[in-house]
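# Breakdown of the fold
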Amino acid sequence: RSPELELNDMGFQRNADDITHYNWMAYRSLKPFSIFRRLQVNYNHYVSWNFEGKNTYLGINTNSHATFKNNWRTGVNVHYVTVDYSDSALRGGPMLRLPNSLDYNMYINSDQSKKVQFRVRGGQTKGIDNGFTRKYASFGVTYVPINSLNVSINAGINSNQQELQYVTTDSYNSNARYINASLDQDTFNLSLRLNYTISPNLSIQYYGSPFISRGRYTNFKYITNSLANNLTDRFQSYASNQISYDGNSDLYLVDENRDSTTDYTIGNPNFSFIQFQSNLVARWEYI
């Protein structure tokens, strides 16, 4: 994807200026053996460069998936990132080096042919130098009392702690200040799906989902050397006498040179988001 490539008028494009090599290989059993109906082990890696030849990403992954003779399924995934640079993390600023990270997760699914089925998944992604930690878990149940009715409930919870989370860009002494902060975010979602087939041509589907996410920003800082090897060398945190919060305006006031005059302000980025989505569809297929 060359730097000039622009496809957003016809679809969704995450980024350009990207050359990526993917490799995937797998070993799988072709016949049931021991307690397994099917077993597969995968290895893959991803390597990216930009058009200037900078190696921007290197990730190595291995995962395995097994189906047992009772039709239960399980899998384990391990992913290690040893090179990670982002040209979008600072929203138009310089490229930012992201922490190396280790991600591991697993899942268990019961027999999907039974009237009651369940799914469990959980894992964690952790960056070195405590750059970030993401934990996630989900649980789902599906009930099929009759062939024409399917009811499922899924719940998920995510915890996200980031040391470098972009907040805004300000100007100080004609220099850009790419301001980040530590983020502590918790998210919970629940979804209910109901599918009822009245006839081969007529069905009813319902979907309802509450979603809650809360984020709190602390330890504001600005980027000083975005490509430094050590995480703590990439930023400078504001001292207590450089930043203060004004509750009346809901702004953080920054006095970077400590001359008792506000140099610039930062809008309060804290958020609490609550949403409920609901759809009820009657579907008639006339052909």
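These notes cover the structure that comes with them. (Residues numbered from 1 in each chain as written. Predicted model: local features only at pLDDT ≥ 70, side-chain atom pairs only at ≥ 80, totals over all residues. Heavy atoms only, no water.)

Here we come to the pairing of strand S2 (residues 36–49). For a regular strand, side-chain orientation follows a simple rule: the groups alternate between the two sheet faces. Two strands pair when backbone bridges link them, and strand S1 (residues 19–28) and S2 are joined in this way by 10 bridges, in the antiparallel orientation. Considered in S2, the bridge of Tyr27 is made with Val41. Summarising the sheet, S2 and strand S3 (residues 55–68) pair through 13 bridges and their orientation is antiparallel. Bridge pairing in S3 places His45 opposite Ile60. (Pairing = 2+ DSSP bridges. Helix = DSSP H or I, 4+ residues; strand = E, 2+ residues; numbered from the N terminus.)

Throughout the structure, instances matching the rule amount to three salt bridges. Its salt-bridge partner being Lys221, residue Glu163 comes within 2.6 Å of it at the nearest N-O pair. Here the residue Glu163 occupies a position in strand S9 (residues 149–172), and Lys221 occupies one in strand S11 (residues 202–223), the gap between them amounting to 58 residues. The residues Glu163 and Lys221 share a single accessibility class, namely buried. Residue Glu256 is joined to Arg177 by a salt bridge in which the shortest nitrogen-to-oxygen separation is 2.6 Å. Note that Glu256 is positioned in the loop between strand S14 (251–254) and strand S15 (264–267) and Arg177 in strand S10 (residues 175–197), a separation of 79 residues in sequence. A relative accessible area of 8% means that Glu256 is categorised as buried. (Salt bridge = Lys/Arg side-chain N within 4 Å of Asp/Glu carboxyl O. Buried < 20%, exposed > 50% of the residue type's maximum accessible area, 1.4 Å probe, protein only.)

Here we come to the packing of aromatic side chains. Using the criterion set out here, one finds 12 aromatic pairs in the structure. Ring geometry for Trp72 and Phe118: centres 5.3 Å apart, planes at 80 degrees, overall edge-to-face. Here the residue Trp72 occupies a position in the loop between S3 and strand S4 (73–86), and Phe118 occupies one in strand S7 (residues 116–127), the gap between them amounting to 46 residues. Aromatic pair Tyr245 and Tyr252: ring centres 5.1 Å apart, planes at 50 degrees, arrangement tilted. You can call Tyr245 partly exposed: its relative accessible area is 42%. Overall, the relative accessible area of 14% leaves Tyr252 in the buried class. Feature note: the residues Phe33, Phe36 and Phe68 constitute an aromatic cluster, connected by ring pairs. Arg177 extends its terminal NZ or CZ atom over the ring of Tyr222, reaching a point 4.3 Å from the ring centre. Lying over the aromatic face of Phe235, Lys221 brings its terminal NZ or CZ to 4.7 Å of the ring centre. (Phe/Tyr/Trp six-rings, centres within 6.5 Å; stacked < 30°, edge-to-face > 60°. Lys NZ or Arg CZ within 6 Å of the ring centre and 35° of its normal.)

Worth remembering: the numbers are spatial, not functional.
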